[in-house]
Amino acid sequence: MENFIAANPTIVHFGKDVINDLGTTVSLYGKKVLLVYGKNSIKQNGIYNEVIKQLKVIKADVFEYSGIKSNPVVEDVDAAAEIGRKSNIDVILAVGGGSVIDSAKIISITIPVSHSGWRFLENTAKPAKAVPLICVLTLAATGTESNRFAVVQNIRTKQKLGYSSQFIYPKHSYLDLSIL
């Protein structure tokens, strides 16, 4: 076996019912929350209600962006970032699988700027900061909940690009066995 050193800045909350401290974690970053998720599956399976319950405990102001597509598009990123800017949000809470989390990562660096998130993906802009991101994983697959990579597509240019930055690591990720 080879020796190695590993470092990952994402704090992973793993186990049964770990989501019960989500509100406390969110409150470390503020009370204005941009909740990002896909279509209706989190409402149908009850995860949405659990998340909202946690956010009510901390009296969070919640702004929602739903409908993230299974192949994330920059149009959703830019629309959600605009909500985040106008609402002066403190933290992003992404609830879903890889597409939702990848979108939220790019949203996190797009909120502080006045241009499209696509500029980051095409490497014509570099982020200087990011809004903190917390993830609640609902579908284990790519590991995006604890890495610095994201993939987003642009329907207009017909491109699907990957992006990597230290700024897009989630601060916390919840892998709750009772919801996975």
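Relevant structure appears above.
Throughout what follows, the structure given in this document is the object of discussion. Bear in mind that the values here come from a model prediction, so they are computed numbers and not experimental data.

**Section: helix α4 (residues 74-87)**
Part 1: For α4, which comprises 14 residues, the first-to-last C-alpha distance of 20 Å matches the rise-based estimate of 20 Å (1.5 Å per residue) to within 8%.
Part 2: Taken together, the buried residues of α4 touch β2 (32-37), β3 (61-65), α5 (98-110), α6 (118-121) and β6 (149-154).
Part 3: Backbone geometry just downstream of α4 places N88 in the positive-phi region, at approximately 50°.

**A short note on the sheet that holds strand β5 (residues 133-137)**
Part 1: Strands sit in the order β1-β8-β5-β4-β2-β3 across an open sheet of six strands; the sheet is parallel. What marks the edges here is a single partner per strand, and that holds for β1 (11-15) and β3. For this sheet, the mean inter-axis angle between neighbouring strands, taken without regard to orientation, is 20°.
Part 2: Sheet topology note: the β2/strand β4 (residues 91-96) ladder contains five bridges and is parallel. Counterpart to L34 in the pairing with β4 is I92.
Part 3: Across the sheet, helix α3 (residues 47-57) touches β2, β3 and β4, and the angle it forms with β2 is around 175°.
Part 4: Strands in contact with α4 are β2 and β3; relative to β3, the strand with the most contacts, it is inclined by about 160°.

**With respect to the packing of aromatic side chains**
Part 1: All chains considered together, the criterion is met by two aromatic pairs.
Part 2: Note on F120 and Y163: the rings are 6.4 Å apart at their centroids and 50° apart in plane angle, and the pair reads as tilted. Separated by 43 residues along the polypeptide, F120 in helix α6 and Y163 in strand β7 (residues 159-164) bring together distant segments of the chain. For the pair formed by F120 and Y163, the shared burial category is buried.
Part 3: For K43, the ring lying beneath its charged end belongs to Y48, and the centroid distance is 4.8 Å.

**So, the nonpolar core**
Part 1: Formed by 31 residues in total, the largest nonpolar core has its most connected members in L34, I92, I106, I107 and I111.
Part 2: Residue contributions to this core peak at six residues, all from α5.
Part 3: Once residues within four sequence positions are removed from consideration, I111 is found in contact with L34, A81, G84, R85, I89, I92 and V131.
Part 4: Counting 22 residues, the second-largest nonpolar core is a separate cluster that includes L35, Y48, I58 and Y174.

**Points about the pattern of salt bridges**
Part 1: Under the counting rule described, the total for this entry stands at five salt bridges.
Part 2: Across the pair K53 and E50 runs a salt bridge, and its minimum N-O distance is 3.5 Å. Residue K53 and its partner E50 are both found in helix α3; the two are separated by three residues, about one turn of the helix.
Part 3: Note on K53: relative accessible area 44%, which makes it partly exposed.
Part 4: According to the relative accessible area criterion, E50 is partly exposed, its value standing at 29%.

**Looking at the layout of surface pockets**
Part 1: The space that makes up the largest pocket amounts to roughly 260 Å³.
Part 2: Along the walls of the largest pocket sit 16 residues, with G38, K39, S41, G97 and V100 positioned nearest its centre.
Part 3: Looking at the lining of the largest pocket, the elements with two or more residues in it are α2 (41-44), β4 and α5.
Part 4: Sort the elements by how many residues they give to the lining of the largest pocket and α5 lands first, with three residues.
Part 5: Residues of the lining of the largest pocket, tallied by class, amount to five nonpolar, nine polar and two charged.
Part 6: For the second largest pocket, the calculated volume is near 150 Å³.
Part 7: Residue lining of the second largest pocket: 13 residues in total, with Q166, F167, Y169, P170 and K171 positioned closest to the centre.
Part 8: Here the lining of the second largest pocket is composed, by residue class, of ten nonpolar, two polar and one charged.

What counts as what
- Residues numbered from 1 in each chain as written.
- Predicted model: local features only at pLDDT ≥ 70, side-chain atom pairs only at ≥ 80, totals over all residues.
- Heavy atoms only, no water.
- Helix = DSSP H or I, 4+ residues; strand = E, 2+ residues; numbered from the N terminus.
- Expected span 1.5 Å × (residues − 1).
- Contact = heavy atoms within 4.5 Å.
- Pairing = 2+ DSSP bridges.
- Axes fitted to C-alpha atoms, helices over the stretch in contact; angles between N-to-C directions.
- Phe/Tyr/Trp six-rings, centres within 6.5 Å; stacked < 30°, edge-to-face > 60°.
- Buried < 20%, exposed > 50% of the residue type's maximum accessible area, 1.4 Å probe, protein only.
- Lys NZ or Arg CZ within 6 Å of the ring centre and 35° of its normal.
- Core = buried A, V, L, I, M, F, W, Y, C linked by side-chain atoms within 4.5 Å.
- Salt bridge = Lys/Arg side-chain N within 4 Å of Asp/Glu carboxyl O.
- 1 Å grid on protein atoms, 1.4 Å probe; cavity = no way out; pocket = protein on both sides within 12 Å on 5 of 7 lines; lining within 4 Å.
- Points joined across faces, edges and corners; volume = space filled by probe spheres on them.
- Nonpolar A, V, L, I, M, F, W, Y, C, P; charged D, E, K, R; others polar.

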